[in-house]
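Here's the letter readout for the chains.
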Amino acid sequence: MTKKIIAFGASSSSTSINKKLATYAASLFENCLVEILDLNDYELPIYSTDKEQKDGIPQLAHDFYNKLGTADLIIISFAEHNGAYSAAFKNIFDWISRINGKTFQEKPMLLLATSPGIRGGSSVLEIANKRFPFQGGIVKGSFSLPSFNDNFDDKDGIKNPELKKQLLEIIHSI
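For the structure given in this document, a descriptive report is provided here. (Residues numbered from 1 in each chain as written. Predicted model: local features only at pLDDT ≥ 70, side-chain atom pairs only at ≥ 80, totals over all residues. Heavy atoms only, no water.)

1. Re the packing of aromatic side chains
This is how it is decided: Ring pairs shown here join Phe, Tyr and Trp side chains whose ring centres sit within 6.5 Å, with only the six-membered ring taken for Trp; geometry is labelled stacked below 30 degrees between planes, edge-to-face above 60, and tilted in between. We count a stretch as a helix when DSSP gives it H or I for four or more residues in a row; a strand needs E for two or more, and each element gets its number in order from the N terminus. The cut-offs for exposure are 20% and 50% of the maximum accessible area for each residue type, with area from a 1.4 Å probe on protein chains only; residues under the lower value are buried, those over the upper are exposed, and the others partly exposed.
In this structure the tally under the stated criterion is 17 aromatic pairs. An angle of 85° between the planes, with centres 4.8 Å apart, marks the rings of Y47 and W95 as edge-to-face. In this pair, Y47 is assigned in the loop between strand 2 (32-37) and helix 2 (49-55) and W95 in helix 4 (residues 87-99), connecting sequence segments 48 residues apart. Each member of the pair, Y47 together with W95, is buried. Ring geometry for Y85 versus F93: centroids 5.9 Å apart, planes at 65°, classification edge-to-face. Like F93, Y85 is buried. Members of the aromatic cluster, joined through ring pairs, are F8, Y42, F64, F78, Y85, F89, F93, F104 and F132.

2. Things to note about the pattern of salt bridges
Heads up, the condition is: The working definition used for a salt bridge is a side-chain nitrogen of Lys or Arg within 4 Å of a carboxyl oxygen of Asp or Glu.
What the rule picks out here adds up to nine salt bridges. Where D38 meets K19, a salt bridge forms, and the shortest distance between an N and an O atom there is 3.2 Å. With D38 in the loop between strand 2 and helix 2 and K19 in helix 1 (residues 17-27), the pair connects residues that are 19 residues apart, well separated along the chain. For E169, the salt bridge goes to K165, with nearest N and O atoms at 3.8 Å. Taken together, the residues E169 and K165, both in helix 7 (residues 161-173) and four residues apart, mark about one turn of the helix. E169 sits in the partly exposed class, given a relative accessible area of 47%. Because the salt bridges share partners, they merge into one network encompassing K4, E35 and K67.

3. Details of the pairing of strand 5 (residues 137-145)
The condition that has to hold: In this scheme, strands are said to pair when DSSP sees at least two bridges between them. With the strands aimed away from the viewer, a crossover counts as right-handed if its path from the first strand over the helix to the second runs clockwise.
Across eight bridges, strand 4 (residues 107-114) lies against strand 5 in parallel orientation. Residue L111 lies in a different strand from strand 5, and its bridge partner there is S142. One crossover worth recording links strand 4 to the parallel strand 5 by way of helix 5 (residues 122-131), and it is right-handed.

Shown next, in the form of structure tokens:
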């Protein structure tokens with residue numbers, strides 16, 4: 001049976017480097033069906049209990065949650081905004097957590113982050129690694145790619161051999 005991977009960059013940028021990294025990482029798995037999600041397809045009103053009480057949980061939040069439920073593995077690459085999740089990701093995360101506190105439905109996860117800087121989004125990756133097990137995520141591995149513009153090429157993926165080796169080792173352990 002073919003395994004299904006749901007992958008996305010936790011950013012709403014149309015040129016998201018994290019979407020590129022998530023897509024690349026998903027492509028390294030063999031014999032899997034890969035579906036790449038775009039957070040822009042799930043744009044929701046800013047979460048508030050008032051909105052939830054008045055209008056309920058939006059259908060797009062249910063759609064995103066249900067997509068995650070179809071996965072055998074979830075890959076997320078995080079954009080780091082001021083040391084934490086992007087507003088786009090945090091908002092959808094807040095909405096879907098109202099459907100089920102075990103947001104990630106006991107699915108195995110590969111958590112990634114990258115940025116143009118030398119820390120590669122490591123602050124947001126640390127937050128996700130600590131938080132997601134409480135949200136029903138089974139974190140199987142995590143990887144930070146520093147200095148995206150120096151270490152990644154749209155055609156060939158990760159250019160730095162040591163960093164590529166690290167990611168491949170994580171993937172082979174999943």
